[in-house]
Structure formats: structure tokens, C-alpha cells
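# Observations on the three-dimensional arrangement
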Amino acid sequence: MSTGPDGVTSTRDQEGADPRRWKALTVCLVAGFMTLLDVSIVNVALPAIRTGLDAPQSSLQWVVSGYALTFGLILVPAGRFGDMYGRRNAFVFGVVLFTLASAAAGVAGNPTLLVVARLVQGLAGGVINPQVSGLIQQLFRGAERGRAFGMLGTVIGVSTAIGPLLGGMLIDLGGAVGGWRLVFYVNVPIGVLAVVLAYRYIRPTPKEARPRESMDPAGVLLLAAGVVLVLLPLVEGHEWEASARWPSLIGGFAVLAAFAAWERRYGRHRQPVVDLSLFRRRSYALGALVGALYFAGFTAIFFILTLYLQNGLGYSALEAGLATTPFAAGSAVTSLFGGRIVTRLGRPLVVAGLVTVAVSLLVTALAVELVPGTHVAWATALPLLLAGLGSGLVISPNQTLTLSEVPVAGAGSAGGVLQTGQRIGTAVGIAAIGSVFFAEVASSHGDYATAFRHSLLVTVAFVLVALAVAVTDVIASRRSG
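Residues numbered from 1 in each chain as written. Predicted model: local features only at pLDDT ≥ 70, side-chain atom pairs only at ≥ 80, totals over all residues. Heavy atoms only, no water.

## Considerations on the packing of aromatic side chains
The condition that has to hold: Note on aromatic contacts: the rings of Phe and Tyr and the six-membered ring of Trp form a pair at centre separations within 6.5 Å, being stacked when their planes are under 30 degrees apart, edge-to-face when over 60 apart, and tilted otherwise. Numbered from the N terminus, helices here are DSSP runs of H or I no shorter than four residues, and strands are runs of E no shorter than two. Whether a residue is buried, partly exposed or exposed follows from its accessible area with a 1.4 Å probe, protein chains only, as a fraction of its type maximum: under 20%, in between, or over 50%, in that order.
What the rule picks out here adds up to 15 aromatic pairs. Taken together, a centroid distance of 5.8 Å and an interplanar angle of 90° make the contact between F298 and F302 edge-to-face. Residue F298 and its partner F302 are both found in helix 11 (residues 282–312); the two are separated by four residues, about one turn of the helix. On the accessibility criterion, F298 (1% relative accessible area) is buried. The exposure class of F302 is buried, given its relative accessible area of 4%. Look at F303 and F438: their rings are 6.5 Å apart centre to centre, the planes differ by 75°, and that puts the pair in the edge-to-face class. Taken together, the positions of F303 in helix 11 and F438 in helix 17 (residues 411–443) put the pair 135 residues apart, joining distant regions of the chain. Feature note: the residues Y294, F295, F298, F302 and F327 constitute an aromatic cluster, connected by ring pairs.

Okay, here's the thing in C-alpha cells:
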């Protein structure tokens, strides 16, 4: 018998479940929180980095985009590596590398060293995250798996939303010049603790439970090349001219098409790095698409809100971070709740969450129009809280449903593919929504409020497309049922 996080005694131990699974999950979630936090926490630190290192705009762009690029690049092969050689081994390696890279970023004496450290940080984060979803698949079954994914969804939603707040607090604590270093140093003690606890609570994957195939090196290289060519012009955003972006995007999709052809051929005889048969499962294919589309809108909210508050209204890093807190609080509440009930309600729960997010963001845009100026953070607090409540019903339930039919032996690579889609979605969303924001600022001669409202409508459009995909899945499920 064991006690889960809600205090309810479970009988799963009698059926062979790992009695330390909840503690193991906690270790995984702490490390996952650390890596996902670094996606957004750096945004509010950029002015301090520019001052402290006399960094040019190009270096600041790479501090943000380089992390996203290498993070997305390594997810799928790292998931496959964990499936083959043990998820605990891959997890610990990723945490150690992330911790060392964080320390290097903190002591960086010039922009070049900081950018290199961020690239390594992104690689390490991409190694860690597919192991987390893979370990959840490995350790939990049934309703417990939904609860575990609910906790993961809380981590994903809260880490992204609360990053600007924590970044602002650390910069306020450390000072305008050197406070940005604390943004990276804070990862070091967390990483050390995570490694120690991982060896204590996460059991190694038995060798007989691991796939006995090669890493499919040609598939890995093709996938890496395709992801880089697609992500690079997206994460660079407005730094690239359109004439330079399109050849890279077209080439990237061509390489990904070649990758798919290779995987089909390779999969006839051996285990490919990505099992394309996953996409014949409606739950996985549509769930992955919902995730990519939602992350395209969801992550960009904090990007444009931070720009509006800091650049348009003169908020400090801490004040801008506080404005995102209602979304984080709402997401934390419903992610746990959604994870508990998703096995009963299924995809309609995701539909309800997407409707709530879309309506709440429209109300947020209206609030900015009705209450302009420095009081805007108060005016947007309630609609952002409601949007967060809706978001919690999207991320973790969608993750649970998408991976529900995936065999445990391939959980790491399947989770890696899912998160790669989310990273690409994030890059597409920030590129598209950011372009609208900056174009509106330029054309209106600095009207940040209008730029925020218009770009928020693009965010809503991404959420509505995700809603259409989720509704399609619900209708298909009822017809097949």
C-alpha cells in the first residue's frame, strides 16, 4: 500500500507498481520545471544582460532563440536514447549538463560565452523533458497516469507563466546590473539536488524492457537537419528578412519529407527513431496537432504582454512579472483537477478548456481597450485568471489523451515528438504574433496598447484552430463509438 499526493491510499503496489513512483515523479517535475522555466524567465532579464555585458541586439536574440533551437533539436533523439539505454541514465545526464551550463551562463564575462552556455542549456533541457513523459508512462497506469500528467501539465503551464515573475524578483534582488546572473545561478542547487534524489528514487529501466535496436543514425541526422532548417528562421523572427526565411523553411520541410520516407523504409526491418505508425492513431495525431497549435498561441501571450508592459508602459521587470501571476495561478489549479478527471471526460474536457481560453483572451483585449495606461495590469487580472483556468484543462489532459495508446517501450520517443511539435508551435506563434506586434508598434508610432490587442487576436486565432481540431476528434470518437 502507498499514499498518493491526494492522501488516498493506493493498492497499485500490490500489483507490482513502484512504491516510490510519486517521489520519483516529484524529482522529474522539479527538473522539468527548471528547464521549462528557462524558456520564459530570460525575457525580463534581457535589459539587464544588455547593460551588464554591453551585449548587442543580435546576442540578446540568440540568448532567447538559441535555447529554443537546441531544445527542440534534441527532443526526439533524446527520447529514443532514453528508451534504449534507460530513462534514469538519460535524465541524470541531462540534469548534470543543464546544471553545468547554468553555472557557465552565470559566470559568463561576455555575450559570446553566454550564448554558448544557453545553447548547451537548451540541449540539456531537450534531453531531460522526454524522459519525464516517458517515466510517467513507465511508472503509472490508468487514473494514476492522468493525475501524474495533470501534475506535469501544472509544471508546463506554471513554469511558462511564472517565469517573468521569478525573473523580475531575482533581478530586483541582485540589482539592475548583475541581477541577471541569479536567473542562471538559481538552477545550480536545484540541479544538484535533483541528481542526488534521482539516484535515490528513480529505478533504472530493466534491460529486458528496453528496445534492442540501433539509434537509426541516418534518421536522427535527417530529423535534426529538418528541425534546424524549420526552427532557425522562426526563432530568429524579425531578425531575418522574408527572402532569407522562405528558402530555409522550404528546405526544412523537404528534408522532413525525406526523413518520413526514410523512416517508412527503415521501419520495415528495424525500429526507427520515430515510429510513424503513431500518427495512424487518431488520439496521437490529433492530440499532437492540438498541442502544437495551442502552444503557438499560449506561449506568445507572455511574450507580447511583457513587451507591452515594460516597453510600452514602463513597468519594471518585477511588475511585469506580477501581471502574469493570475494566469499561472489559474493554470495551477485546473491542471491538477483536469488530470484527475480526464480519463472520465476525455477530449470534451480539452474542448471546454480551449473555449474558456479563447473567450478570456477576447475579454483581455477588451479590457486593454477600455482601461488603457498604467492600470492595465489590474484590468487584465481577472480575464487572465480565467484564461489560466482554461489552459489547465488543455495542456495536461491533452498530454494524457495523446499518449494514452502509446506503448511504454516507445514512450520516450513519442513524448519527444509531441514536445518537438510544441516547440515548433511555440516558435511559429512567437514569430507570427511578434511580427504583428512589432509591425503595429512601428505603423502606429509607438501605440503599444493597440499592438497588444491586435496581436492578441492572432493568439485567439491559433486557439480557435486548436479548438476545431479538438472538436473534430470528439465527433470522430462518437461516430466510431
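## Remarks on the environment of A45
Note on placement: A45 falls in the loop between helix 1 (21–40) and helix 2 (46–53). Given the relative accessible area of 1%, A45 is considered buried. On a C-alpha basis, the gap between A45 and I171 in space is 7.1 Å, while along the polypeptide they are 126 residues apart.

## Some points on the packing of helix 13 (residues 325–345) against helix 14 (residues 347–370)
To keep things clear, this is the line we draw: Lines fitted to the C-alpha atoms define the axes, with helices restricted to the stretch that makes contact. Angles between their N-to-C directions range from 0 to 180 degrees. These descriptions rest on fixed angle ranges, namely under 35 degrees for roughly parallel, over 145 for roughly antiparallel, 65 to 115 for roughly perpendicular, and the rest for oblique. Any pair of residues with heavy atoms lying within 4.5 Å of one another is described as a contacting pair.
Helix 14 packs onto helix 13 with a crossing angle of 125° between their chain directions and a minimal axis gap of 7 Å. Classified by the interaxial angle, the pair formed by helix 13 and helix 14 is oblique. Of helix 14, the residues touching helix 13 (which contributes G338, I341, V342 and L345) are R347, P348 and L349.

## What about the confidence of the model for the protein?
Quick note on the threshold: Confidence of the predictor at the level of single residues is captured by pLDDT, which takes values from 0 to 100.
Mean pLDDT over the protein: 84, with 93% of residues reaching 70 or higher. The element-level mean pLDDT for the protein is lowest in strand 2 (residues 9–10), coming to 38, with helix 4 (residues 87–107) highest at 94. Confidence drops under pLDDT 50 across residues 1–14; counting only partners more than four residues distant or on other chains, this segment forms 30 contacts.

## Concerning the pattern of salt bridges
As a reminder, the rule being used: Salt-bridge detection follows one rule: a side-chain nitrogen of Lys or Arg within 4 Å of a carboxyl oxygen of Asp or Glu.
Considering all chains together, one arrives at five salt bridges under this definition. Between R21 and E144 there is a salt bridge, and its shortest N-O distance comes to 3.0 Å. Here R21 is found in helix 1, whereas its partner E144 is found in helix 6 (residues 142–174), with 123 residues between them in sequence. Look at E144 and you get buried, because its relative accessible area is 8%. The partner of R118 in a salt bridge is D38, and the shortest N-O contact between them spans 3.5 Å. Here R118 is found in helix 5 (residues 111–139), whereas its partner D38 is found in helix 1, with 80 residues between them in sequence. With respect to burial, R118 and D38 carry one shared label: buried. Each of the salt bridges in this network shares a partner with another, and the network as a whole consists of R282, R347 and D473.

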